[in-house]
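Descriptive structure summary
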Amino acid sequence: MDFGLTDEQQLLLESLDELLERECPESYIAELDLNHQPPTTFRRAMNDAGFGSLGFPEEYGGTPSDALTLVMLAERVARQGLNNGYGLELLQAMDILEFGSEEQKTEILGLLANGDVPFALGFTEPGAGSDNSAMATTAVHHDGMVTFNGTKTLITNALQSRYLLLMAKDPQVEDPRKSISMYLVPMDAPGVTTNRLDKIVWHISDSCEIFLDDVTLPESSLVGVKGNGFKQLMRNFELERLVIAANCLGLAQCAFDDAATYAAQRVQFGKPIGSFQLIQLKLTDMAIKLENIRNFVYKTAWMVDQELPLKSQGALCKRYSAMAAFEVADEAMQIFGGVGVTVGTRVSRLWRDLRGHRFGGGTDEIMVHIAGRQIVKDHS
Amino acid sequence: MKIVVAYKWAPNPQDAEVAPDGSVDWSRAKGAVSEYDPVAFEAARQLADATGGEVVGLTVGAASVDSPLARKAALSRGLDRLVVVADDRLADADGTRLAAVLAAAVRSIGDVDLVLAGDSSVDVAEGQVPMTLAGQLGWLGMAAVSGVTPSADGVVVERDLPGGITTLALTGPAVLAVTTDAVVPRVPGMKDILGAAKKPVEVVPLDALEVPDVVAATTLSGSRPETGNRRGVIIDGADASSAAAELVAALRTARAL
Ligand SMILES: Cc1cc2nc3c(=O)[nH]c(=O)nc-3n(C[C@H](O)[C@H](O)[C@H](O)COP(=O)(O)OP(=O)(O)OC[C@H]3O[C@@H](n4cnc5c(N)ncnc54)[C@H](O)[C@@H]3O)c2cc1C
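Bear in mind the structure is a predicted one, so any value in this text is a computation, not a measurement. Position labels on residues start from 1 in each chain and follow its written sequence. All chains are assigned letters beginning at A, and all ligands numbers beginning at 1, according to the order in which they are written. Per-residue local features are limited, in this predicted model, to residues with pLDDT of at least 70; the limit for side-chain atom pairs, both in listing and counting, is 80 or more; totals at the level of whole chains, interfaces and linings are taken over all residues. Computation of side-chain values: all heavy atoms of the structure, hydrogens and water removed.

**As for the overall build of chain B**
Here is the rule we go by: A helix here means a DSSP run of H or I that spans at least four residues, while a strand means a run of E at least two residues long, and both kinds are numbered starting from the N terminus. Residue burial is assigned from relative accessible area. The probe radius is 1.4 Å, only protein chains are included, and a residue is buried under 20% of its type maximum, exposed over 50%, and partly exposed in between. It only takes one pair of heavy atoms within 4.5 Å for two residues to be counted as in contact.
Looking only at helices and strands, chain B features six helices and 13 strands. Here the C-alpha coordinates of chain B stretch approximately 65 × 40 × 40 Å along the principal axes. Burial status across chain B gives 42% buried among its 257 residues. Within chain B, contacts between residues at least 6 apart in sequence are counted, and of these 73% link residues at least 24 apart.

**Focus on the nonpolar core**
Quick note on the threshold: Here, nonpolar core means buried Ala, Val, Leu, Ile, Met, Phe, Trp, Tyr and Cys residues that are tied together by side-chain atoms lying within 4.5 Å of each other.
Residues F51 and Y86 of chain A together with L114 and L176 of chain B are the most contacted members of the largest nonpolar core, which totals 107 residues. The leading source of residues in this core is helix α8 (residues 229-265) of chain A, at 14 residues. If sequence neighbours within four positions are ignored, L114 of chain B has contacts with K2, I3, V4, L47, V148, V155, A174 and L176 of chain B. Within the second largest apolar cluster, 26 residues are counted, among which are V56, V83, L98 and L102 of chain B.

**Some remarks on a nonpolar patch on the surface**
As a reminder, the rule being used: Like-charged residues within 9 Å of one another, or nonpolar side chains (Val, Leu, Ile, Met, Phe, Trp, Tyr) within 5 Å, are grouped into patches, provided each residue has over 30% relative accessible area and no salt bridge. The accessible surface values rely on the Shrake-Rupley method and a 1.4 Å probe; as for residues, cover is taken only from the protein chains in view. By definition here, a salt bridge exists when the distance from a side-chain nitrogen of Lys or Arg to a carboxyl oxygen of Asp or Glu is within 4 Å.
On the surface, L247, V248, L251 and L257 of chain B cluster together into a nonpolar patch covering about 340 Å² of accessible area. Turning to its location among the elements, L247 of chain B is positioned in helix α6 (residues 240-253).

**Regarding the site of the ligand**
Residue and element names in this part refer to chain A. For the record, the criterion: Nearness here has a simple test: a residue counts as near a molecule or strand if at least one of its heavy atoms is within 4 Å of that partner. Polar contacts, as counted here, are pairs of nitrogen or oxygen atoms within 3.5 Å of one another; within protein the pair requires one atom able to donate a hydrogen and one able to accept it, and residues that are adjacent in sequence qualify only if both atoms are side-chain atoms. In the scheme used here, Gly and all other residues not listed as nonpolar or charged are polar, with Ala, Val, Leu, Ile, Met, Phe, Trp, Tyr, Cys and Pro taken as nonpolar and Asp, Glu, Lys and Arg as charged. By convention here, the domain bounds are inherited from an automatic or database domain assignment.
Lining the immediate surroundings of the ligand are 15 residues, of which L121, T124, S130, T156 and T363 lie closest. The backbone of F123 places a nitrogen or oxygen atom 2.9 Å from an oxygen atom of the ligand. For the ligand, a nitrogen atom lies 2.6 Å from a polar atom in the side chain of T124. The protein chains hide 65% of the 970 Å² of surface that the ligand would expose on its own. Those elements giving two or more residues to the shell around the ligand turn out to be β1 (117-122), β3 (145-156) and α12 (364-378). Among the residues making up the shell around the ligand, the classes are represented as seven nonpolar, seven polar and one charged. Domain assignment of the residues forming the shell around the ligand places at least three in each of domain 2 (119-227) and domain 3 (233-378).

**So, the interface of chain B and chain A**
To be explicit about the condition: Throughout, buried area stands for the accessible area (probe radius 1.4 Å) lost by two parts on being put together, summed over both.
Chain B puts 16 residues into the contact, and the matching count from chain A is 18 residues. Of the roughly 1600 Å² buried at the junction of chain B and chain A (both faces included), carbon and sulfur atoms supply 59%. Sorting the residues of chain B by area buried against chain A places L69, V187 and M190 of chain B first, and these three jointly supply 40% of that buried surface. Along the contact surface separating chain B from chain A lie three salt bridges. Across the pair K72 of chain B and D7 of chain A runs a salt bridge whose closest N-O atoms are separated by 3.3 Å. Between chain B and chain A we count six residue pairs in polar contact (both at pLDDT 80 or more) in total.

**A word on the pairing of strand β4 (residues 161-169) of chain A**
Residue and element names in this part refer to chain A. Which entries qualify depends on this criterion: Two strands make a pair as long as DSSP finds a minimum of two bridges between them.
Here β4 lies mainly inside the structure; seven of its nine residues are buried. In terms of strand pairing, β1 meets β4 through five bridges, oriented parallel. Across the sheet, residue V117 finds its bridge partner in β4, namely S161. Of the strand pairs in this sheet, β4 and strand β5 (residues 180-186) are connected by seven bridges, and their pairing is antiparallel. What sits directly across from A168, in β5, is S181.

Next up, the structure:
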């Protein structure tokens, strides 16, 4: 087993370090967070340097890459303190590359290349959260057109995106596994309205309710096969969980590094607080968690690269990473003492942003729901 | 136009450890293209692209300057090919000897129009090699070059000197050392890094070069730079205006104002 980096990975990470230093300093991130703005200039710089098309097939101007390398890059960007800074757009592109029409591919890859967020992912509804199959938004096909009605909620980046990748069902079909389809709906289509939700996490990404009132589009807005939406969505979820876990790893590492540095400097009772065993215990347990998350994330990525069936691996990895990473950030905040909850201290942002990852991509509990069933099935 | 980029494979400053007495321990530092050299790579690439020319990387040093990683790191920064002289007899070579070897290598490459180099190396920082190289070649040498652009019969060079900015036209071969902010070097992407493994590398044995002997100086003693007396003064910021007054007073006492 080789835990070393390849030359290519090492050079790529060094390149990324240069880019982050130049385009994504802490002052930039803090400002975006304060003003609730997306990291558009950083995304553009990433695209200009070729990171945006990493992992895409060559015929679409990309450079193929393994999942392990991508995960290391996502971790590195998050270690800078930037939440969801890299990786999720790639997944979106994968959805379209795998299931989209030529026209959809050209449109979405073009937006990505420009540093824009091509689409928000819309499956959650007021009445359908963890239980996606309960969704009520309808898509009725008629005369080469399709009409949508319904409400989506908690949709990330809706205001920044040109499109909504909408999950909606055919009201004529009972079985949710056959009734749901995927559509690419322009956010400025007549009948689409949004309501921004104020939230205490992820300030650089907006979250919205989206209302669809008789939104009518040509049938060419369908992505992939009619009735296969659920299956297509599940494909996306597996990799999404891995990217989320890598993002949690990087944010937690950032919080740990901040806390350890602070512990070495902050003097109370005449000594650096890092000399107290209670603080050392925290730092030690945090370091163990980080090591565990890293191994979990890297091994899961390696399984993807080996084309091994992930089964419940993605759910196990996402649950552990999101929870342990938040614990690391929480202890980091504790080490900072009261100053840790002030806005000027980075650890407060990391703590907030990590909390959000215990919902997005499926809650901690739903990961048990997925993995637990699989474990019992494997043993019966 | 054939442009050589003379660069150093130097220890990465991120891995250097600075002891409380100010001494720097490089022993655990991994190699990297010396911090200010990517500017020369970028300036050379831009010039070559504008003139349809070729960029040849050139590095000389101990055997360790030639590894697969070191080759890819340099070749991913816009070079067309690479020439390496790696020999442990150069392990502790001073700037003059390195410049002599570089000059011999430039002559062996042949038909070189321009040599670009960084301002100085990150570990030694003497800034002496490019101008010594120019002297060895018998070419025009210029430091503090803040811009190079092609012209009909050569290049136009901009220099940023204490007296102001000077613009000059060059026709003959020259060695130019570029300032750290002459251009913004591009960051190598995956395509560049993967492509680097496929570019040609020529390893030139030291013995194949005609290098004149250089008498080296003997170091008699060394001392650490004066870091001054550091003092930590903590000012209570509860009242902003009195804190500002205290800060000004403290800076006056320290003769910083
Ligand atoms: C920051 C953030 C970003 C998001 N981004 C998006 C997005 O871009 N697109 C999108 O469509 N959605 C998005 N969501 C929505 C997210 O997917 C849902 O919040 C999530 O699926 C849970 O649904 P819910 O909030 O309705 O909670 P519910 O499903 O109502 O769950 C409430 C509680 O019950 C638990 N629970 C539910 N079912 C079970 C069960 N079977 N067993 C045990 N416990 C259970 C849950 O774990 C939770 O603790 C985002 C959410 C957040 C917080």
